[in-house]
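Notes for the structure review
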Amino acid sequence: MKIALGVTGGIAAYKSAEIVRLLQDRGIRVQVIMTRAAQEFVRPLTFAALSGEKVITSMFASDEEHAPNIDSAIEHIAVAQSIDALVVAPATADILAHFAQGIATDFLTTLYLATTAPVVVAPAMNVNMWNHPATQANLEILRKRGVKIVEPDTGYLACGMTGAGRLADNKAIVAAVLETLGASQDLSGETVLITAGPTREKIDPVRYLTNRSSGRMGYALAEATLRRGARVLLVSGPTALTPPGAAEVTPVESAEEMRRAVLKLLPQASIVIKAAAVADYRPKATAEQKLKRKGPMTLELEATPDILQEIARKRSAQIVVGFAAETENVLENARQKLLAKNLDAIVVNDVSREGVGFDSDRNAVTIITRDEVVEIPETTKQEVAQRVLDQVVKLRQQRKATVKV
Ligand code: PMT
């Protein structure tokens, strides 16, 4: 998920740096666009360092003043098509007027016209400018057009006056952005323990048994869960991915390490989702020295502890969701796991299919609960994560209703 954050020229421009961080913590990529005036207040380098992306500072960026770059001249179209929302914070009276009247004079105003993504603006200005009929008329036009306005706070303003016009609290701005991105806060107050990635079972100091899990499914769940307002405890096997900043991550290697981490965190969790591909077997003994090659060898394996089953046994009121990777009798096997492991739901992947499941950006799953079977045809792992969470929310509501009765 990606948003464009327009920063315009006001004292509050420095506050946008925290907005970048708060959104990134929830796994949202942020493309910052600064107007010329904004650059008088904050250097683009600040935002480039924070966002990890090039900051767009003009319509015709070029190394040489007199040789405008045609690629950057059409960049607004590429950005317009790639974003899930355009957010402007702080938004000056001037940018509101440009947006309302459809006047495109720089990158940000051109992007506003070129994008079909939803728009959120967080105005900040002097109280008289805010109250001016021209500003209020422009806001009314934008409101009618569906632009979400995060109303400014009232208080002491940088200009020395007191009144409405202070940039809204960053958390309120981020909440408005998340709502616009369709991330309802229906998991707020929950602590969700998620496992992701493979485990590695050591053979000797340089070799191990593992599987093809990349961790993408579990990390997509962590990002989606954060966006829906929950605290996330992520227990992750080795992956090449960067976890969302707001997730509390416990890195582990082996099934036994994952088991210990999960059991330690379990009392804090209200929901557990086990997307990790835990190795089913490990070498019975780990050699202390690197094994030498001397013809054929036999490796004796033993079963790893079944973490999911242990959680389901030890849980108190937690909702427990397992994943299952199957290659045959997909639905029957998954249903058996649901019952045998006493789960609330199981998400089954047919991992024999090409291009989905292990080490892919896409997945196709069936979510099985005790009274429902929901098919999710092939889509992105982000989308699968959202649909899994929809079911989790439903199970949570059912559980709460039962407890009340
Ligand atoms: O990581 P990706 O590349 O994005 O791929 C995602 C995925 C395909 C790995 C993921 O969607 C998935 O299916 N994860 C579960 C894979 C798996 O281990 O399936 P299983 O049928 O072997 O195990 C069933 C459940 O028991 C899983 O929730 C697993 O975490 C759990 N388990 C298994 C063995 C064990 N010793 N302890 C466990 O807790």
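Since the structure is predicted, the reported quantities are computational estimates derived from the model, not experimental observations.

To continue, consider the overall build of the protein chain. A tally of regular secondary structure across the protein chain gives 15 helices and 19 strands. In terms of principal-axis extent, the alpha carbons of the protein chain reach across some 80 × 60 × 35 Å. Counting across all 405 residues of the protein chain, residues that qualify as buried make up 51%. Considering only intrachain contacts with a sequence separation of at least 6, the fraction spanning at least 24 residues in the protein chain is 65%. Carbon together with sulfur atoms contributes 51% to the accessible area of the protein chain, which is approximately 19,700 Å² in total.

Take the pairing of strand S11 (residues 231–236) next. Of all six residues in S11, five are buried, a share of seventy percent or more. Relative to S11, strand S8 (residues 191–196) runs parallel, the two being bridged by six bridges. What sits directly across from Val192, in S11, is Val232. Relative to strand S12 (residues 248–251), S11 runs parallel, the two sharing four bridges. For Leu234, the partnering residue across the bridge sits in S12 and is Val249.

A few words now on the domain arrangement of the protein chain. Along its sequence, the protein chain is carved into domain 1 (2–181) and domain 2 (191–404). With six residues of domain 1 at the contact, the number on the domain 2 side is six residues. Summing both sides of the interface, domain 1 and domain 2 together bury roughly 480 Å²; the carbon and sulfur share of this comes to 55%. Across the contact surface, domain 1 and domain 2 share zero salt bridges. On the surface where domain 1 and domain 2 come into contact, there are two residue pairs in polar contact (both at pLDDT 80 or more). Looking at the side of domain 1 that touches domain 2 residue by residue, the class counts come to two nonpolar, two polar and two charged.

Next up on the list: the pattern of salt bridges. All told, the structure shown has 31 salt bridges when counted by the stated rule. Taking the shortest distance from any N to any O, the salt bridge between Glu310 and Arg259 comes out at 2.8 Å. Taken as a pair, Glu310 in helix H13 (residues 307–314) and Arg259 in helix H12 (residues 255–265) lie far apart in primary sequence, 51 residues in all. Two residues, Glu302 and Arg282, come together in a salt bridge whose shortest N-O distance is 2.9 Å. With Glu302 in strand S15 (residues 301–303) and Arg282 in strand S14 (residues 281–283), this residue pair connects regions lying 20 residues apart in the sequence. Residues joined by salt bridges that share partners form a network here, namely Asp186, Arg228, Glu383, Arg387 and Asp390.

One pass over the full model with this rule turns up one aromatic pair. Between Phe99 and Tyr112, the aromatic rings sit 4.1 Å apart at their centres with planes inclined by 10°, giving stacked as the arrangement. Here Phe99 is found in helix H6 (residues 93–101), whereas its partner Tyr112 is found in helix H7 (residues 107–114), with 13 residues between them in sequence. The pair Phe99 / Tyr112 is uniform in exposure class, with both members buried.

For the rest of this paragraph, the subject is the pairing of strand S4 (residues 119–123). The buried fraction of S4 amounts to five of the five residues, a majority that puts the element mostly inside the structure. Going residue by residue along S4, you find Val119, Val121 and Pro123 tucked away on one face and Val120 and Ala122 tucked away on the opposite face as well. As paired strands, strand S3 (residues 85–91) and S4 are joined by four bridges and run parallel to one another. Residue pairing for S4: Val88 is matched across the bridge by Val121. The pairing of S4 with strand S5 (residues 148–149) spans two bridges and is classified as parallel. When the bridges of S5 are listed, Val120 appears paired with Lys148.

It is worth spelling out the sheet that holds S11 at this point. Spatially, eight strands are ordered S12-S11-S8-S13-S16-S17-S18-S19 in an open sheet, and the strand pairing comes out mixed. Of all strands in the sheet, those with a lone pairing partner are S12 and strand S19 (373–380), marking the two edges. Across this sheet, the average inter-strand angle for adjacent strands is 15°, counted without regard to direction. One ladder, built from six bridges, connects strand S18 (residues 362–369) with S19; its direction is antiparallel. Across the sheet, Val365 pairs through a bridge with Ile376, a residue of S19. Packed onto the sheet, H13 meets strand S13 (271–274) and strand S16 (319–326) and runs at close to 165° relative to S13. On top of the sheet, helix H14 (residues 330–340) reaches S16, strand S17 (345–350), S18 and S19; it is set at about 150° to S17, its chief contact.

Definitions and cut-offs
- Residues numbered from 1 in each chain as written.
- Predicted model: local features only at pLDDT ≥ 70, side-chain atom pairs only at ≥ 80, totals over all residues.
- Heavy atoms only, no water.
- Helix = DSSP H or I, 4+ residues; strand = E, 2+ residues; numbered from the N terminus.
- Buried < 20%, exposed > 50% of the residue type's maximum accessible area, 1.4 Å probe, protein only.
- Contact = heavy atoms within 4.5 Å.
- Areas by Shrake-Rupley, 256 points an atom, 1.4 Å probe, with all protein chains shown as cover.
- Pairing = 2+ DSSP bridges.
- Domains from an automatic or database assignment.
- Buried area = accessible area lost by both parts, 1.4 Å probe.
- Salt bridge = Lys/Arg side-chain N within 4 Å of Asp/Glu carboxyl O.
- Polar contact = N/O pair within 3.5 Å; in protein donor to acceptor, adjacent residues only side chain to side chain.
- Nonpolar A, V, L, I, M, F, W, Y, C, P; charged D, E, K, R; others polar.
- Phe/Tyr/Trp six-rings, centres within 6.5 Å; stacked < 30°, edge-to-face > 60°.
- Axes fitted to C-alpha atoms, helices over the stretch in contact; angles between N-to-C directions.

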